[in-house]
Amino acid sequence: MARPDIEEADDRFFGDKQDAENGFDTFGEAPTPDWRDLYRPTPPVYREQEHVFRYFCDGSIKTYFLGTIIENDHSYPLELTQIGSAVIHRNDDGSLKVAKFERQILLLVPHRSGRGISDALFEQLDALPKPSHFKIVDVDVPDPLADRRQDPRDKSGAKARFMMHQLEKDLIVQFAPKRGADEWTILDGGIRKGSFIELPRTIGVAKSFDRMPEFHVRKGNKGMLKKDISSLLSGLKFAHRTVAFSAHGGQVAFWYLRIRDQGEVDYPLMGVVKVEMPMPNKEPIAADLADKISSALVAERNVTPHGLDKRWHCHIYPVFCAERVIKSNFFSETVLLASIRWPRNITV
């Protein structure tokens, strides 16, 4: 709790900044909820009753600072990043298999920003002999990220995470046609505006999320009911969800779901996941659909990696398996780096 973890920081960075600062004040479900009841019961619906979730996707990232590029009177950080994404498929009998795993190794250097290395040096790096999954990447990132990360290392991290999310999206799109008409994909983490907004039947499930937002609920003609996230979730019972709120101008509906009883955890924000759903048509999600998804998620909480991960209280087990697949396939690139003959103006 002393500082945000990477998922919480990610949610804050990619979240709706204006709504987070001013307070979320628009419901994202229909029919419009009653402000006097911000919680809905969602008792578990198990796979044997209805197999809602068929694919589970996760991504991971690991970054190394290698050294400094020195060119003329300027110097720039040189970072290496491993990104990976895995999709887990669940059979009707509940057994899991790895549908696909992909990884890339990125050498991140500043180039086109106007404050980076020369074209000549970038071309030298790009011409180095390297395997197909090894890429030389400019750290410039697409808007709106570019304006929010100015330090070269921060921009490198933002670019690496952007490319990891693109890898996740590509895998989700690849396996989406193989789902049944009523089957869904779970993405570990939030739905990123732009990258995932058009994905059909995909939800983001975040184990950690921004703890700063407030929720402003209009009480008819009686003013505004204000709640911070702690007070909102402290009243959330097991197998209940909050009402859905709207973000990103209506393109994302999100709500919070308690998948573990407060008696099993240390404080109110534990045992809760944040569920995000893309709504590209900007229409509110049907409350019955949000209930169905939430009930299926509550049923997913029964098998957990207790003791193996500090986030056990809000894990979805097949997502945890996808994470383990990625980490088991990440490997040190020491031999590869040692074999590369770097240009003389790079210190590694």
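Look up a bit, the structure's there.
Note that the coordinates shown come from a computational prediction; the quantities given were computed from them, not determined experimentally.

## Description of the nonpolar core
Counting residues in each nonpolar core, the largest one holds 31 residues, and the members touching the most others are Phe53, Ile186, Ile203 and Leu297. Those elements giving two or more residues to this core turn out to be β3 (53–71), β4 (74–90), β7 (184–188), β8 (202–206), β13 (252–258), β14 (272–278), α6 (287–300) and α7 (317–329). With 5 residues, α6 is the single largest residue contributor to this core. Contacts of Ile186, omitting those with residues within four sequence positions, involve Phe53, Tyr55, Phe56, Cys57, Ile203, Val205, Leu297, Ile316 and Val319. Judged by nonpolar contacts, the second largest core, of 18 residues, contains Phe215, Leu236, Val243 and Ala247.

## Some details on the pairing of β7
Of all 5 residues in β7, 5 are buried, a share of seventy percent or more. Taken together, the 4 bridges between β3 and β7 define a ladder with parallel strand orientation. Counted as the bridge partner of Phe53 is Trp184 from β7.

## Overview of the pattern of salt bridges
Summed over all chains, the structure comprises 16 salt bridges. Residues Arg241 and Glu29 are paired through a salt bridge, measuring 2.8 Å at the closest nitrogen-oxygen approach. Of this pair, Arg241 sits in strand β11 (residues 240–242) while Glu29 sits in strand β1 (residues 29–30), placing them 212 residues apart in sequence. One exposure class covers both Arg241 and Glu29, and it is buried. Measuring nitrogen to oxygen at the nearest pair gives 2.6 Å for the salt bridge that ties Glu183 to Arg54. Here Arg54 lies in strand β3 and Glu183 lies in the loop between α4 (152–175) and β7, a separation of 129 residues in the sequence. For the pair Glu183 and Arg54, a shared accessibility class is recorded, and that class is buried.

Scoring rules and cut-offs
- Residues numbered from 1 in each chain as written.
- Predicted model: local features only at pLDDT ≥ 70, side-chain atom pairs only at ≥ 80, totals over all residues.
- Heavy atoms only, no water.
- Core = buried A, V, L, I, M, F, W, Y, C linked by side-chain atoms within 4.5 Å.
- Buried < 20%, exposed > 50% of the residue type's maximum accessible area, 1.4 Å probe, protein only.
- Helix = DSSP H or I, 4+ residues; strand = E, 2+ residues; numbered from the N terminus.
- Contact = heavy atoms within 4.5 Å.
- Pairing = 2+ DSSP bridges.
- Salt bridge = Lys/Arg side-chain N within 4 Å of Asp/Glu carboxyl O.

Shape is all these values report; function is a separate question.
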